[in-house]
Amino acid sequence: MQVFDTAKDAALSLRPDEPVYCFRPDVLKADTRSFMKQFPGKTAYAVKTNGEPLVLKTLAEAGVQAFDVASPAEFAAVRAVAPEAEMLYMHPVKAQSDIRLALEGYGIRVIAVDHEDEVTKLIRVVRALDIDPGALTVFVRIQTKGHATYELSKKFGAGPAQAVELLQRLSRHGFPVGICFHVGSQIQDPDTYERALASADWVRNRAGLPLAGLDVGGGFPAEYGHDPNRKKPEMPSLDEIMARLRQDISEWGFEETPLVAEPGRVIVARAFSLVVRVLLRKGRRLYINDGIWASLSDSWTGKITLPARFIPDPAIRSRNGDPDKLVPFRVCGATCDSVDILSRPFWLPETVDTGDWIEIGHIGAYSMALRTRFNGFYPDLFVEVKTPFDAGEAPDGFASLETMAD
Ligand SMILES: *Cc1c(COP(=O)(O)O)cnc(C)c1O
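Residues numbered from 1 in each chain as written. Predicted model: local features only at pLDDT ≥ 70, side-chain atom pairs only at ≥ 80, totals over all residues. Heavy atoms only, no water.

- Where an unreviewed UniProt entry is consulted, the protein appears under the name Orn/DAP/Arg decarboxylase 2, with the organism given as Nitratireductor indicus C115.
- On record in UniProt, under Sequence similarities (unreviewed entry), the comment for the protein is "Belongs to the Orn/Lys/Arg decarboxylase class-II family."
- You can read under Cofactor (unreviewed entry) in the UniProt record for the protein the words "pyridoxal 5'-phosphate". (UniProt positions renumbered as here; feature names shortened; annotations may be inferred.)

### Things to note about the UniProt feature "modified residue: N6-(pyridoxal phosphate)lysine" (unreviewed entry) in the protein
At step 1: Under the feature "modified residue: N6-(pyridoxal phosphate)lysine" (unreviewed entry), the UniProt entry names Lys 48.
At step 2: Looking at the secondary structure, you find Lys 48 in the loop between β3 (42–46) and α3 (53–61).
At step 3: Excluding residues within four positions of it along the chain, Lys 48 makes contact with Glu 74, Tyr 366 and Ala 369. (Helix = DSSP H or I, 4+ residues; strand = E, 2+ residues; numbered from the N terminus. Contact = heavy atoms within 4.5 Å.)

### Focus: the nonpolar core
At step 1: Ranked by size, the top nonpolar core spans 99 residues in total, and within it Tyr 45, Phe 67, Leu 103 and Phe 181 carry the most contacts.
At step 2: A per-element tally of this core places helix α8 (residues 192–207) first, with 6 residues.
At step 3: When we break this core down by domain, the ones giving at least three residues each are domain 1 (3–21 + 270–398) and domain 2 (40–262).
At step 4: Not counting the four nearest positions on each side in its chain, Phe 181 is found in contact with Ile 142, Thr 144, Tyr 193, Ala 196, Leu 197, Ala 200, Leu 214, Asp 215, Val 216 and Gly 217. (Core = buried A, V, L, I, M, F, W, Y, C linked by side-chain atoms within 4.5 Å. Buried < 20%, exposed > 50% of the residue type's maximum accessible area, 1.4 Å probe, protein only. Domains from an automatic or database assignment.)

### Some thoughts on the pairing of strand β6 (residues 110–113)
At step 1: What you see with β6 is no split at all: Val 110 and Ala 112 on one side and Ile 111 and Val 113 on the other are buried throughout.
At step 2: As defined by bridge partners, strand β5 (residues 86–89) adjoins β6 across 2 bridges and the pair is classed as parallel. Residue pairing in the sheet places Leu 88 in a bridge with Val 110 of β6.
At step 3: Viewed along the sheet, the connection from β5 through helix α5 (residues 96–105) into β6 turns out right-handed.
At step 4: Pairing geometry for β6 and strand β7 (residues 137–141), over 4 bridges, is parallel. Bridging from a neighbouring strand, Ile 111 pairs with Val 138 of β7.
At step 5: Handedness of the crossover is the feature at issue here: the chain leaves β6, passes through helix α6 (residues 116–128), returns alongside β7, and the resulting connection is right-handed. (Pairing = 2+ DSSP bridges. Right-handed = clockwise from strand over helix to strand, strands pointing away.)

### Observations regarding helix α1 (residues 7–14)
At step 1: The complete set of buried residues in α1 reads Ala 7, Ala 10 and Ala 11. One side of α1 carries all its buried residues, which in axial view fall inside an arc of 95°.
At step 2: For α1, the secondary structure elements touched by its buried residues are β1 (3–4), β2 (20–23), β13 (272–282), β15 (307–311), β18 (357–360) and β19 (381–385).
At step 3: Just past α1, the residue Arg 15 takes up positive phi, approximately 45°. (Arc of directions from axis to C-beta.)

### Quick notes on the environment of Gly 217
At step 1: Inspection of the secondary structure assignment puts Gly 217 in the loop between β11 (213–215) and α9 (238–251).
At step 2: In the structure, Gly 217 is positioned 33 residues away from Gly 184 in sequence and 8.5 Å away in space, judged by C-alpha atoms.
At step 3: Not counting the four nearest positions on each side in its chain, Gly 217 is found in contact with Phe 181, His 182, Val 260, Ala 261, Glu 262 and Pro 263.

### A few points about the sheet that holds β6
At step 1: Taken in spatial order, the 8 strands close into a barrel running β3-β4-β5-β6-β7-β9-β11-β12, and their pairing is parallel. Direction aside, the axes of adjacent strands within the sheet are offset by 25° on average.
At step 2: Direction of pairing for strand β4 (residues 66–69) relative to β5: parallel, over a ladder of 4 bridges. The residue of β5 that forms the bridge with Val 69 is Tyr 89. (Axes fitted to C-alpha atoms, helices over the stretch in contact; angles between N-to-C directions.)

### Structural notes on the UniProt feature "active site" (unreviewed entry) in the protein
At step 1: Mapped onto the present numbering, the UniProt feature "active site" (unreviewed entry) falls on Cys 336.
At step 2: With respect to the secondary-structure elements, Cys 336 resides in the loop between β16 (326–332) and β17 (346–349).
At step 3: Classification of Cys 336 as exposed rests on a relative accessible area of 75%.

### Section: the site of the ligand
At step 1: In the region of the ligand, 14 residues are neighbours, and Lys 48, Ser 185, Glu 262, Arg 265 and Tyr 366 sit closest.
At step 2: Between the ligand and Glu 262, the relevant distance is 2.5 Å, taken from a nitrogen atom to a side-chain nitrogen or oxygen of the residue.
At step 3: Within the backbone of Gly 264, one N or O atom sits 2.9 Å away from an oxygen atom of the ligand.
At step 4: Computed on the free molecule, the ligand has an accessible area of 390 Å², of which 92% lies beneath the protein chains in the complex.
At step 5: Classifying every residue of the shell around the ligand gives 3 nonpolar, 6 polar and 5 charged. (Near = heavy atom within 4 Å. Polar contact = N/O pair within 3.5 Å; in protein donor to acceptor, adjacent residues only side chain to side chain. Areas by Shrake-Rupley, 256 points an atom, 1.4 Å probe, with all protein chains shown as cover. Nonpolar A, V, L, I, M, F, W, Y, C, P; charged D, E, K, R; others polar.)

Okay, structure coming up:
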């Protein structure tokens, strides 16, 4: 992989017509270690956030020894780069053949359920393979309520009374049991974890069983851009959120329980930026070589403010407009699909033109993991970049929360 000091150096040297992922392994390692230092338990990276082999390998180098996996392809990806790492199979709804593969083929011994039929599948596989249930830890996923940018409790999780029954049934079969939850991605309310811990405490007390683990899931917020035209949302820093989580864990009496967290976004968001090229400027529209079917679907949902930096093409000798004036541009994606338009405008210097590049920061989470081959476009060029996105000059622009009239 080619190495550059900055994404701008990469753009000006490669003059790429295709999108370029700028990977910053040092940022990834630093963000990983900082999370691990602050979380008083096992850190299991959520592979779905970004399952690139170079990411998994760098995480293993940074000291991550456990991975939250959800599918056979994720089992294989982790095993390939970190053969010693532990895998936690935390998807609550699984094919029976995948459960078998996890237990038999990969030696996975930690698994999550949220329904009695999932327990039935698990028991069938455990009997068929003649595994001692005492060698597994089965986490019951409970529903939580809270405010996250992406809510998941509507989809997964057992209600409190049902969770109690599941724990008791599993325990009668000889499985050590734990409680897990996942509050959704990018929490917006610092009370979210405390409310989930309160539910976990209720379930634990009713079940009347010793817990082999408590898994607090992911959801830890990553830093994104900020629209200067808007009030900055009141959100404590990650340090404050983690301090509060530690305090809540002890207040709710979970200090003695082995703890697990499944961070994704918070670990990997800052580790990548994306350099895109302006294929065409048409008035206040920019047609770029990426879009919602490639790396920008997480931003397309309209919920995240991405920081952006303008990389003017030095080959363009004459420009119109004021380079110091930021104006909103509607950003159209590369495919022929009419929905492939970002829901938010990008604020960029008025001088942006056909042929220029834009570096979009903090796109490590849920970007390349969600890219498709739609219309034959599949960005897959990676370079390594030494300087963090936030170092040096401030980003010029950002994707605003305001919607834009055409
Ligand atoms: C997606 C997911 C995570 C990671 O969530 P982030 O918000 O990216 O930290 C963790 N646990 C489970 C079960 C998930 O589905």
